[in-house]
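Residue strings, one per chain:
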Amino acid sequence: MNPLIELKNMTYSAQQKTILDIPSFKIYDGEILGMMGPNGAGKSTLLKVLSFLEKQSSGEIVYRGRTIRSGQVPLDLRRRFSVALQKSLLLDGTVFQNIALGLKLRKVSKAMIKEKVTHWLELFGISHLAKKNALYLSGGEAQRVNLARAMIVEPEILFLDEPFSALDFPTKIRLMEDFKRILEDTRTTAVFVSHDLMEIHYLTNRLAIIVNGQVKQSGPTTFVLEHPNTSTQSFLNEWKKFFPALTDNSFRQEKFLKL
Ligand SMILES: Nc1ncnc2c1ncn2[C@@H]1O[C@H](COP(=O)(O)OP(=O)(O)OP(=O)(O)O)[C@@H](O)[C@H]1O
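All of these numbers come straight from a predicted model, not from anything done at the bench.

**Student:** What is the right way to read the overall build of the chain from this model?
**Tutor:** If you tally the helices and strands in the chain, you get 10 helices and 10 strands. Radius of gyration (C-alpha) of the chain: 19 Å, near the 18 Å computed for a compact globule of 259 residues. When the backbone C-alpha atoms are referred to their principal axes, the chain occupies close to 55 × 45 × 35 Å. Taking all 259 residues of the chain together, 37% fall into the buried category. Taking the contacts inside the chain whose residues are at least 6 apart along the sequence as the reference set, 66% of them involve residues at least 24 apart.

Okay, here's the thing in structure tokens:
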């Protein structure tokens, strides 16, 4: 399988400190890749480098066979990606206008914008909010708008940095269920940073554990959770003490979704 993105000897440094040092890492078409690791491990920085919001200090990022070397800013590629952060950063305007923004910037016709926004409002279950000012939404509503805004441009990769962390548990579950279905239906490749093992377990099919700016382990999510290696076990075993059943597949089906 050809990777969508490949990192080769990639480092990222700031203030004379190496923050990321990744000799080799690949992201594949259609996967939902989770990234976990302790505070300050470099997850958000990696997300920014992968989405070309930050330039790597050395090494190469190969995107669909096109090599981007350190120092280069591939502005044309940025438009193919969407980034959704924990804080939804919505603009003062209606929900409709917020979701339409990416299409407007891409000079899509008014009729097409209307059709697409209506479609994405429906998919995220927020049609009733279309005319509401986006600054006066609840956290759960705002995050639905944020995700619809990211998805409407049909990104080749969606980068998510803790988008659910501020939501209460039932709101989070409902949004994650809807979002997972949308990602699967649209076959969107997604890279998802989270501190929450339940979110990671539910949403992702591959997991990378980042510690001290390095990818210490990656593989199918359930496998990594069940078989931490010597570099990741101290981090993962802390989690597993509190959620021993997370490595049991039936847990997700029978308990997690019905909580
Ligand atoms: N521009 C910068 N200048 C200096 N240090 C930076 C810069 N960007 C990131 N760092 C440092 O790099 C390290 C990794 O930060 P990053 O935000 O990527 O970690 P993280 O894994 O996302 O952390 P958290 O889980 O706490 O959100 C931190 O020590 C941070 O202070």
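What follows continues from the structure just given.
**Student:** So what exactly am I meant to see when it comes to the sheet that holds strand E10 (residues 214-220) here?
**Tutor:** The pairing of strands in a sheet happens through backbone hydrogen bonds and is either parallel or antiparallel. With mixed pairing, the six strands of this open sheet are ordered in space as E6-E7-E8-E3-E9-E10. Each edge of the sheet is formed by a strand with only one pairing partner; in this case those strands are strand E6 (81-85) and E10. Across the sheet, the axes of successive neighbouring strands diverge by a mean angle of 15 degrees, strand direction being ignored. Relative to strand E8 (residues 189-193), strand E7 (residues 157-161) runs parallel, the two sharing five bridges. In the strand pairing of E8, Ile 157 is matched with Thr 189. Most of the contacts of helix H1 (residues 43-50) go to E8, to which it runs at about 155 degrees, and overall it touches strand E3 (32-36), E7, E8 and strand E9 (206-211).

**Student:** Any chance you could explain the site of the ligand here in plain terms?
**Tutor:** Near the ligand you find Ala 14, Gln 15, Ile 19, Gly 37, Asn 39, Gly 40, Ala 41, Gly 42, Lys 43, Ser 44 and Thr 45, and these make up its full shell. Element by element, the count of residues in the shell around the ligand is highest for H1, at three residues. A per-class count over the shell around the ligand returns three nonpolar, seven polar and one charged.

About the thresholds
Residues numbered from 1 in each chain as written. Predicted model: local features only at pLDDT ≥ 70, side-chain atom pairs only at ≥ 80, totals over all residues. Helix = DSSP H or I, 4+ residues; strand = E, 2+ residues; numbered from the N terminus. Rg over C-alpha atoms; globule rule 2.2 N^0.38 Å. Buried ≥ 20, exposed ≤ 12 C-beta atoms within 10 Å, placed from the backbone. Contact = placed C-beta atoms within 7 Å. Pairing = 2+ DSSP bridges. Axes fitted to C-alpha atoms, helices over the stretch in contact; angles between N-to-C directions. Near = placed C-beta within 6 Å. Nonpolar A, V, L, I, M, F, W, Y, C, P; charged D, E, K, R; others polar.

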